[in-house]
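Chain by chain, the residues:
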Amino acid sequence: MKKIINLFLALAFFNAASVLAQNKTNPVGPEKGSLVIVGGGNVGPEIWTRFVELAGGANANIIYVPTAGDDSTVVKNDKTVKKLQELGVKNVTTLHTRDPKVANTEKFVESIRQATGVWFEGGRQWKIADAYLGTLTQKEFKALLDRGGVIGGTSAGATIQGSYLFRGDTKGNTILVGDHTQGLDFIHNVAIDQHILKRNRQFDLLSFIKSRPDLLGIGIDESTAIVVHQNTFEVIGVSYVGIYDARNFAGAVKNPSSDSGNNGPFYYLKKGEKFDLLNRKAILPSPASTKTANNQ
């Protein structure tokens, strides 16, 4: 009997150690760097400030990628560059090509190797995929994260960061599963949608996630972002982030802010709330900390 108990304890210890090792060695998000994934619309000061801080503040060296935009405006659109400069960033470099052969050259990626941050502009996400998937540029984006840098992006620049490219069809963004389905995979096993409340898209991920339960759906509204590091993200900005997990499709929609039962087809997180990407659970504040905050 004692041998059986010892064996049981040993197995329990092994399983716990395996889970801890998995959490440490297989993060869903970047192991060393961070992502700032914005749902489009006006990118507010809180979001810009967090991105620049993660990139190194005044010492940041940021690559601006406008490739998702139209050809007629992609070079002229310097609003983001000016915004970064206003925030004190001295080194901002625009990097753009439509040709994956160019993106696969040593010369093209030189500036990424010196960078501490990358920002993807909005537009159509498949244009980013066509230019950079499978190239040396994609490899260097990941290398930037591996050395502790940050990658941010808004709208199309948000969706491209996931492993699955939602709304990636060349014929239009109303086609949810289209002719481009591979993202840059900075955050694994995730499909990202944007503008979800502003454009009444909050139900669009439901049927897709039901058919792909291996993927977590994250829908981000405008002027709102998730800041991702390893297996956790935090919501910042002014609106909400929707969580879509096929494992929890039974029951009614619930909001973790008011009910800890995450058993709806989707639910929302708001500013300051966090999420465990590995275990797919909201990280809610303890009742004691909530009470303390309310009394201050």
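Conventions adopted
Residues numbered from 1 in each chain as written. Predicted model: local features only at pLDDT ≥ 70, side-chain atom pairs only at ≥ 80, totals over all residues. Heavy atoms only, no water. Buried < 20%, exposed > 50% of the residue type's maximum accessible area, 1.4 Å probe, protein only. Helix = DSSP H or I, 4+ residues; strand = E, 2+ residues; numbered from the N terminus. Contact = heavy atoms within 4.5 Å. Phe/Tyr/Trp six-rings, centres within 6.5 Å; stacked < 30°, edge-to-face > 60°. pLDDT = per-residue confidence, 0-100. Polar contact = N/O pair within 3.5 Å; in protein donor to acceptor, adjacent residues only side chain to side chain. 1 Å grid on protein atoms, 1.4 Å probe; cavity = no way out; pocket = protein on both sides within 12 Å on 5 of 7 lines; lining within 4 Å. Points joined across faces, edges and corners; volume = space filled by probe spheres on them. Nonpolar A, V, L, I, M, F, W, Y, C, P; charged D, E, K, R; others polar. Pairing = 2+ DSSP bridges. Axes fitted to C-alpha atoms, helices over the stretch in contact; angles between N-to-C directions.

(A) Summary view of helix 9 (residues 204-211). Buried within helix 9 are the following residues: Leu205, Leu206, Phe208 and Ile209. Check the buried side of helix 9 and you find it contacts strand 6 (162-164), strand 7 (187-194), strand 8 (216-220), strand 11 (241-244) and strand 12 (266-269).

(B) Layout of the packing of aromatic side chains. Throughout the structure, instances matching the rule amount to 15 aromatic pairs. Both rings, one in tryptophan 48 and one in phenylalanine 51, keep their centres 6.4 Å apart while their planes meet at 70°; by these two values the pair is edge-to-face. Here phenylalanine 51 and tryptophan 48 lie together in helix 2 (residues 45-55), a separation of three residues that amounts to about one turn. When its relative accessible area of 6% is taken as the criterion, tryptophan 48 is described as buried. A relative accessible area of 0% means that phenylalanine 51 is categorised as buried. Seen from their ring centres, phenylalanine 120 and phenylalanine 141 are 5.3 Å apart, and the 75° between their planes marks the pair as edge-to-face. Within this pair, whereas phenylalanine 120 is found in strand 4 (residues 117-120), its partner phenylalanine 141 is found in helix 7 (residues 136-146), the two being separated by 21 residues in sequence. Classification of phenylalanine 120 by relative accessible area gives buried; the value is 0%. Joined through ring pairs, the aromatic side chains of Phe108, Phe120, Tyr132, Phe141 and Phe186 make up one cluster.

(C) Expanded view of the confidence of the model for the protein. Residues with a pLDDT of 70 or more make up 81% of the protein, whose mean pLDDT is 87. Of the regions scoring below 50 in pLDDT, residues 7-24 engages in four contacts with residues more than four places distant in sequence or in other chains. Here residues 250-254 is a poorly scored stretch, pLDDT under 50, and it has 18 contacts once near neighbours within four places are set aside; other chains count.

(D) Highlighting the side chain of threonine 137. For threonine 137, the position within the fold is in helix 7. Of note is the side chain of threonine 137, whose polar atom sits 2.5 Å from the backbone oxygen of alanine 103. The residues touching threonine 137, leaving out its near neighbours within four places in the chain, are Ala103, Phe108, Val109, Ile112 and Tyr132.

(E) Spatial organisation of the layout of surface pockets. By volume, the largest pocket amounts to about 440 Å³. Every residue lining the largest pocket is counted, 23 residues in all, and those nearest its centre are Gly41, Val43, Glu121, Gly122 and Thr154. Residue composition of the lining of the largest pocket, grouped by class: four nonpolar, 13 polar and six charged.

(F) Highlighting the pairing of strand 1 (residues 34-38). Most of strand 1 is tucked away: five of the five residues are buried. Going residue by residue along strand 1, you find Ser34, Val36 and Val38 tucked away on one face and Leu35 and Ile37 tucked away on the opposite face as well. Where strand 1 lies against strand 5 (residues 150-154), five bridges are found, and the strand directions are parallel. Of the residues in strand 5, the one forming a bridge with isoleucine 37 is glycine 153.

(G) Quick peek at the environment of leucine 87. Secondary-structure assignment places leucine 87 in the loop between helix 3 (79-86) and strand 3 (91-94). With 30 residues separating them in the primary sequence, leucine 87 and glycine 57 have C-alpha atoms 8.4 Å apart. Discounting residues that sit within four places of it in the chain, leucine 87 has contacts with Trp48 and Val52.

(H) Local environment of the sheet that holds strand 14 (residues 281-283). The strand order across the open sheet built from nine strands is 3-2-4-5-1-9-10-13-14, with neighbouring strands paired in mixed fashion. Each end of this open sheet is capped by a strand with a single partner; those strands are strand 3 and strand 14. Across the sheet, the mean angle from the axis of one strand to that of its neighbour is 20°, orientation sign disregarded.

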